[in-house]
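# Summary of the model geometry
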Amino acid sequence: MMHSNHADGREVAEIRRVLSKLNEEATPRTMPPAYYVSEDFLALEQATLFTREWACVGHAGEIPESGDFFATEIAGEPILVVRDNDGQVAVLSNVCRHRGTLLVEGSGRSKRFVCPYHAWTYGLKGELIAAPLMDKIAGFDKKACSLHRFRHELWNGFIYVNISGDAEPLAPRLSALDKIIENYQLPSRNLVHVEEDIWAVNWKCLAENFMEGYHLTPTHAKTLHPITPTNLCRKMPNGEYFTGYFAGYNPNFPDRKPYPDTLTEQERRQSPLFWIAPNHVVGLATNNCVYMCLRPNGVDHVAIRWGVLSTAKRADQVAKDYVDLCNAFNAEDKAKLELLQRGLKSRFLKRGFLAPDDLEGAIWDIYRFVARRLGSDVTIV
């Protein structure tokens, strides 16, 4: 017999109670299965973590020229990310102000956005520039019908959006992380690959998987173990809004070039992997970088916008080889995580124990972040 995906109020209350008691536990333990299979708890996450916090939606390299755009969503809210006429990133509502039709899907380049339903037309800054026959309507004012503009910030080239509009500024939250990764020169890397995918697993399972080196050797025996084996992982100092670990390179594995000349000897032999609350994970190698922006797509599916940044050019073999490597280890992770999601529905699964701090300590940090937002000792408005 399996858990129902629909958790009742008692199940959500128990998840929140466990979260609020985390710091009282002598040994870090896993969360109860309902944490990953409760639709009611997911609704709480969407309304708080994804609506009130800064959520990463992609990379500025995806829209290099004026008119470049892509459509996505956060917590069910359709958004349109565009490079405007002045070369600035803008994040707009992707919903026509007339009757609510989605303006665009996917990605592309355009000088304007024309609603496919009634041809209302908007400029790259969201201003309404045409509304057929609406001049016959008394009191109609085009200037009052611009697309909603969402608050956004750029961090090391990544685009973050705050749907509620009232989150504290992002940059100060990540100043300690900036110091950890600054020598890797992330902002200067080239976007060489981006794609969308959907995996049949809860979004938190994927975030946690990215943040632990415990699985590197058994899950990625042929892909990552020869480069970054489990036994060379060590935890990164964490902050309130981020955590991570360093994946050390096998001494027999050659340097990963070309790398910035700012790297120290130690930095040349390790990759910082980090999570930024709530939905952004990054693996920063010396020469390449893989990132994922995660969006819940139901309780047991996650929509992933992932890409690769490189010190090399898109056409260079080193960049192509890394994209191939990412596709290989992503396929391995996807297979294991989809098995995990099926197992999490067992009615007999109980809380377990996390591996040592260097291997799964970042998962505990993620739990604690969620606890600070959603524990039963927190009032949720």
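Helix and strand counts for the protein come out as eight helices and 17 strands. Taken over C-alpha atoms, the radius of gyration comes to 22 Å for the protein, in line with the 21 Å a tight globule of 381 residues would show. Taken along the three principal axes of its C-alpha coordinates, the protein extends 70 × 55 × 35 Å. Expressed as a percentage of its 381 residues, the buried residues of the protein come to 53%. Put simply, of all contacts in the protein between residues at least 6 apart along the chain, 64% involve residues at least 24 apart.

What follows covers the sheet that holds strand 6 (residues 113-114). Ordered by their spatial adjacency, three strands build an open sheet running 6-7-8, and the pairing between neighbours is antiparallel. Each having just a single partner strand, strand 6 and strand 8 (128-130) make up the two edges of the open sheet. Relative to strand 7 (residues 121-122), strand 6 is paired through two bridges, and the arrangement is antiparallel. Along strand 7, the bridge assignment pairs Val114 with Thr121.

To continue, consider helix 1 (residues 9-20). Taking 1.5 Å of rise per residue, twelve residues should cover 16 Å, and helix 1 covers 16 Å from first to last C-alpha, within 8% of that figure. Within helix 1 the residues assigned to the buried category are Glu11, Val12, Ile15, Arg16, Val18, Leu19 and Ser20. In this fold, the buried residues of helix 1 make contact with helix 2 (34-37), helix 3 (39-52) and helix 8 (357-374).

This brings us to the pattern of salt bridges. A full pass over the atoms with the stated rule returns 19 salt bridges. Between Glu53 and Arg173 there is a salt bridge, and its shortest N-O distance comes to 3.0 Å. Highlighted residues: Glu53 in the loop between helix 3 and strand 1 (55-59) and Arg173 in the loop between strand 10 (158-162) and helix 4 (175-181), separated in sequence by 120 residues. According to the relative accessible area criterion, Arg173 is buried, its value standing at 14%. Here Asp365 ties to Lys235 by a salt bridge, and the two come within 2.7 Å at their closest N and O atoms. Residue Asp365 is found in helix 8, and its partner Lys235 is found in strand 12 (residues 233-235); the two are separated by 130 residues along the sequence. Each of the salt bridges in this network shares a partner with another, and the network as a whole consists of Glu62, Glu73, Glu196, Arg295 and Arg305.

Over its 14 residues, helix 3 runs 19 Å from end to end, which matches the ideal 20 Å to within 8%, given 1.5 Å per residue. If you check which residues of helix 3 are buried, you get Phe41, Leu42, Leu44, Glu45, Gln46, Thr48, Leu49 and Phe50. Its side-chain oxygen 3.4 Å from the backbone nitrogen of Asp40, Ser38 forms the N-cap of helix 3.

Tracing the sequence through the fold places Arg351 in the loop between helix 7 (317-343) and helix 8. Only 2.7 Å separates the side chain of Arg351 from the side chain of Glu25, close enough to count as a polar contact. At a separation of 2.6 Å, a polar atom in the side chain of Arg351 contacts the main-chain carbonyl oxygen of Thr30. Once you skip the residues sitting within four places of it in the chain, Arg351 turns out to touch Val18, Leu22, Glu25, Arg29, Thr30, Met31 and Pro32.

Okay, the pairing of strand 13 (residues 242-248) next. A regular strand places its side chains on the two faces of the sheet in alternate fashion. Counting buried residues in strand 13 gives seven out of seven residues, a clear majority hidden from the surface. Both faces of strand 13 are covered, namely the face carrying Phe242, Gly244, Phe246 and Gly248 and the face carrying Thr243, Tyr245 and Ala247. Sheet analysis places strand 12 next to strand 13, joined by three bridges and oriented antiparallel. Pairing of Arg234 across the sheet is with Phe246, part of strand 13. Taking the residues between adjacent antiparallel strands as the criterion, strand 12 and strand 13 are bridged by six residues. The pairing of strand 13 with strand 14 (residues 270-276) spans seven bridges and is classified as antiparallel. When the sheet's bridge partners are listed, Ala247 is paired in strand 14 with Ser271.

To continue, consider the sheet that holds strand 13. Pairing between sheet strands relies on hydrogen bonds along the backbone, with the strands arranged either parallel or antiparallel. Judged by pairing direction, the sheet is antiparallel, and its seven strands sit side by side in the order 11-17-16-15-14-13-12 without closing on themselves. With one partner strand each, in any of the chains shown, strand 11 (190-199) and strand 12 form the two edges of the open sheet. Going across the sheet, the axis of each strand differs from the next one's by a mean of 15 degrees, ignoring polarity. Across nine bridges, strand 16 (residues 288-296) lies against strand 17 (residues 302-310) in antiparallel orientation. Paired with Tyr291 across the bridge in strand 17 is Gly307. Helix-sheet contacts for helix 7 involve strand 11, strand 15 (280-284), strand 16 and strand 17, and the interaxial angle to strand 11 is about 20 degrees.

The rules behind these values
Residues numbered from 1 in each chain as written. Predicted model: local features only at pLDDT ≥ 70, side-chain atom pairs only at ≥ 80, totals over all residues. Heavy atoms only, no water. Helix = DSSP H or I, 4+ residues; strand = E, 2+ residues; numbered from the N terminus. Rg over C-alpha atoms; globule rule 2.2 N^0.38 Å. Buried < 20%, exposed > 50% of the residue type's maximum accessible area, 1.4 Å probe, protein only. Contact = heavy atoms within 4.5 Å. Pairing = 2+ DSSP bridges. Expected span 1.5 Å × (residues − 1). Salt bridge = Lys/Arg side-chain N within 4 Å of Asp/Glu carboxyl O. Polar contact = N/O pair within 3.5 Å; in protein donor to acceptor, adjacent residues only side chain to side chain. Axes fitted to C-alpha atoms, helices over the stretch in contact; angles between N-to-C directions.

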